[in-house]
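Single-letter residue listing:
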Amino acid sequence: MTLMTQPASALRPLHPTLYRLAQDGHSLDFLFAQCPACSALTFPSNAPGCMQCGDPLRDAQTLRRPGGGELLEFVTLHVPLTPGMVVPSIAGDVRIAPGIVEEGVIGVKDEGSLRPGMRLRAVAEPDEAQGVYACRFVPEEQGASA
Ligand SMILES: [Zn+2]
């Protein structure tokens, strides 16, 4: 391999309050706040209060957990929602922890390989021109080759 690709570890997270690169240099860990009052998880970790009990989370621990979850539903977008967005692209609702559903970009070519209820994991998608990596969800079994 003569390809000069930078490892994702040389890049910054596009959304540093949401995720960080995991030990393997490819997967993402999500950042949660653990409520000191009721110990429920809140996402993202810098949310203004506990999703469960409303505690202001001033003394909350930030918890890193392997990013991923259960695919609930998904849709293929043919019109860019934001400038520079590549279409078609697949957006999905992913349950990343009990009671926490986030919308994410699914990193597969077409939705034929997707089905509700399948496990997804979060991986880094490097954007070397911007010096950042973004979050993509991929089916768990093919995450290593994505
Ligand atoms: Zn709480």
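Structure: above.
Residues numbered from 1 in each chain as written. Predicted model: local features only at pLDDT ≥ 70, side-chain atom pairs only at ≥ 80, totals over all residues. Heavy atoms only, no water.

A closer look at the coordination of the zinc ion
Which entries qualify depends on this criterion: Here the coordinating atoms are restricted to nitrogen, oxygen and sulfur within 2.8 Å of the metal centre, or 3.2 Å for Na, K and Ca, and because water is not among them the sites may look incomplete. In these descriptions, tetrahedral denotes four donors with every angle between 85 and 135 degrees, square planar four donors and octahedral six donors with opposite donors over 155 degrees apart and the rest between 65 and 115, and irregular any other case. The buried label applies to any residue whose accessible area, calculated with a 1.4 Å probe on protein chains only, is under 20% of its type's maximum; exposed applies above 50%, and partly exposed to all values in between.
Note on the zinc ion: its protein donors are C35 (SG), C38 (SG), C50 (SG) and C53 (SG). The metal-donor distances range over 2.3 to 2.4 Å. Around the zinc ion, the four donor atoms sit at angles spanning 104 to 114°, and that spread fits a shape best called tetrahedral. The exposure class assigned to C50 is buried, which follows from its relative accessible area of 6%.

Brief notes about the nonpolar core
Our working rule: Residues enter a nonpolar core if they are buried and are Ala, Val, Leu, Ile, Met, Phe, Trp, Tyr or Cys, with the set joined through side-chain atoms within 4.5 Å. Working definition: helices are DSSP H or I runs of at least four residues, strands are E runs of at least two. Numbering for both runs from the N terminus.
Grouped together as the largest cluster of nonpolar side chains are 26 residues, with contacts concentrated most on L28, F30, F32, I96, I106 and F137. Breaking this core down by element, the ones donating at least two residues are β2 (19–21), β3 (28–34), β7 (89–97), β8 (100–106), β9 (119–127) and β10 (132–139). Listed in part, the five residues of the second largest apolar core include C35, A40, C50 and L57.

Details of the packing of aromatic side chains
Formally: Two rings belonging to Phe, Tyr or Trp (six-membered ring only in the last case) form a pair when the distance between their centres is within 6.5 Å. Interplanar angles under 30 degrees mark stacking, angles over 60 mark edge-to-face geometry, and anything in between is tilted.
By the definition in use, this model includes four aromatic pairs. Summarising the aromatic geometry, the rings of Y19 and Y133 are spaced 6.2 Å apart at their centres and angled 40° between planes, so their arrangement reads as tilted. Highlighted residues: Y19 in strand β2 and Y133 in strand β10, separated in sequence by 114 residues. Each member of the pair Y19 and Y133 is classed as buried. Both rings, one in F30 and one in F137, keep their centres 6.0 Å apart while their planes meet at 75°; by these two values the pair is edge-to-face. Here F30, found in strand β3, pairs with F137, found in strand β10; they are 107 residues apart in sequence, far enough to count as distant. Taking the relative accessible area as the measure of exposure, F137 reaches 3% and is therefore buried.

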